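A look at the structure
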Amino acid sequence: QVQLQQSGPGLVTPSQTLSLTCAISGDSVSSNSATWDWIRQSPSRGLEWLGRIYYRSTWIHQYAVSVQSRIIISPDTSKNQLSLQLTSVTPEDTAVYYCARRRDHNTVSDVWGQGTMVTVSS
Amino acid sequence: DIVLTQSPLFLAVTPGEPASISCRSSQSLLYSNGVDHLDWYLQKPGQSPQVVIYLGSNRPSGVPDRFSGSGSGSDFILKITRVEPEDVGVYYCMQALQAPITFGQGTKLEIK
């Protein structure tokens with residue numbers, strides 16, 4: 001059974017960097033058939049896809065245009081996890097952040113992390 | 001970006017009655033292999049989204065057969081034949097044909 005366990009601070013100061021981790025069990029971050037997404041949810045923006053990584057002989061990154069200058073999603077193969085870094089945060093980045101697995105070559109997003117509420121405030 | 005428009009945005013249904021949600025896409029979600037990359041997710045209060053239908057009409061194991069998905073191209077429907085109290089929450093359609101993945105606004109289902 002695949003599980004995603006998220007961790008990271010729930011409060012970030014404006015202009016600082018938001019950092020979250022998603023630990024994977026039951027699958028591999030280096031899977032050649034899965035992709036690993038970060039999605040956030042806020043009352044103002046709804047569900048918003050931020051980006052993904054996946055491994056197909058090399059690591060591939062895709063980011064939403066709205067955050068592409070501020071976002072890094074990276075794998076940690078030694079710990080079998082992925083991380084999200086979002087720099088220069090503002091209160092508009094306040095949201096619940098989810099990691100999710102999309103399996104079997106883009107078939108279905110079948111496993112989601114538990115969500116992390118991140119508030120950007122001084 | 002592909003825009004998904006759901007309707008209605010709110011549903012109040014008597015237990016045992018049917019429910020139907022529409023999702024319209026700004027462009028076709030049909031991939032060259034004949035598969036529509038349109039999923040339906042239910043987000044129960046306080047929980048992460050969970051898939052109820054994927055690739056237009058496929059129901060994952062563990063999802064009750066009262067849930068069904070239909071449609072192709074740009075128009076899709078999620079149907080619940082007989083709504084039960086545990087079906088309450090917000091339903092989202094999601095397209096994964098191309099990045100960025102995008103979501104509909106959500107349809108809130110409540111029990112009368």
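Shown above is the structure to which this text applies.
Not measured: the values here are computed from a predicted model. (Residues numbered from 1 in each chain as written. Chains lettered and ligands numbered in written order. Predicted model: local features only at pLDDT ≥ 70, side-chain atom pairs only at ≥ 80, totals over all residues. Heavy atoms only, no water.)

Notes on the environment of Leu86(A)
Residues and elements named next belong to chain A. What counts here: Where helices and strands are cited, they refer to DSSP runs of H or I of at least four residues and of E of at least two residues respectively, numbered from the N terminus. Throughout, a contact is declared for two residues whenever any of their heavy atoms are within 4.5 Å.
Within the fold, Leu86 resides in strand S8 (residues 81-86). Considering only alpha carbons, one finds Leu86 and Ile72, 14 residues apart in sequence, at a separation of 6.6 Å. Excluding residues that lie within four positions of it along the chain, Leu86 makes contacts with Gln16, Thr17, Leu18, Arg40, Val67, Arg70, Ile71, Asp93 and Tyr97.

Some words on the pattern of salt bridges
The test is simple: Only one rule defines a salt bridge in this text: a Lys or Arg side-chain nitrogen within 4 Å of an Asp or Glu carboxyl oxygen. The buried label goes to any residue with under 20% of its type's maximum accessible area, the exposed label to any with over 50%, and the partly exposed label to all in between, with areas taken from a 1.4 Å probe on protein chains only.
All chains considered together, the criterion is met by 16 salt bridges over all chains. Among the salt bridges present, the one from Arg24(B) reaches Asp75(B), with a minimum N-O distance of 2.5 Å. In this pair, Arg24(B) is assigned in strand S3 (residues 19-25) and Asp75(B) in strand S7 (residues 75-80), connecting sequence segments 51 residues apart. For Arg24(B), a relative accessible area of 52% gives the class exposed. A relative accessible area of 36% means that Asp75(B) is categorised as partly exposed. Among the salt bridges present, the one from Glu84(B) reaches Arg66(B), with a minimum N-O distance of 3.7 Å. A residue pair is termed long-range when its members are at least 10 positions apart, and Glu84(B) in the loop between S7 and strand S8 (89-95) and Arg66(B) in the loop between strand S5 (50-53) and strand S6 (67-72) qualify at 18 residues. Among the residues examined, Arg66(B) registers a relative accessible area of 9% and is labelled buried. In the salt-bridge network here, residues are joined through shared partners; they are Arg40(A), Arg45(A), Glu48(A), Arg70(A), Glu92(A) and Asp93(A).

Some details on the pairing of S5(B)
Regular strands have side chains that alternate between both faces of the sheet. Residues and elements named next belong to chain B. Defined as follows: Strand pairing is assigned whenever DSSP identifies at least 2 bridges connecting the two strands.
Pairing of strand S4 (residues 38-43) with S5 involves three bridges; the strand directions are antiparallel. Looking across to S5, one finds that Tyr41 is bridged to Val51. Here S4 hands over to S5 after six residues, with Gly46 in that stretch at a positive phi of 75 degrees.

Observations regarding the sheet that holds strand S3 (residues 18-25) of chain A
Residues and elements named next belong to chain A. We apply this condition: Whenever a helix is involved, its axis is fitted only over the stretch in contact; in every case the axis is a line through C-alpha atoms, and angles between N-to-C directions fall within 0 to 180 degrees.
The strand order across the open sheet formed by four strands is S1-S3-S8-S7, and the pairing between neighbours is antiparallel. A strand with exactly one partner marks an edge of an open sheet, and here the two such strands are strand S1 (3-7) and strand S7 (71-76). Taken over all neighbouring pairs, the strand axes of this sheet differ in orientation by 20 degrees on average, direction set aside. Inspection of the sheet shows S1 paired to S3 by five bridges, in the antiparallel sense. Its bridge partner being in S3, Gln3 is matched across the sheet by Ser25.

The analysis is restricted to geometry; functional conclusions fall outside its scope.
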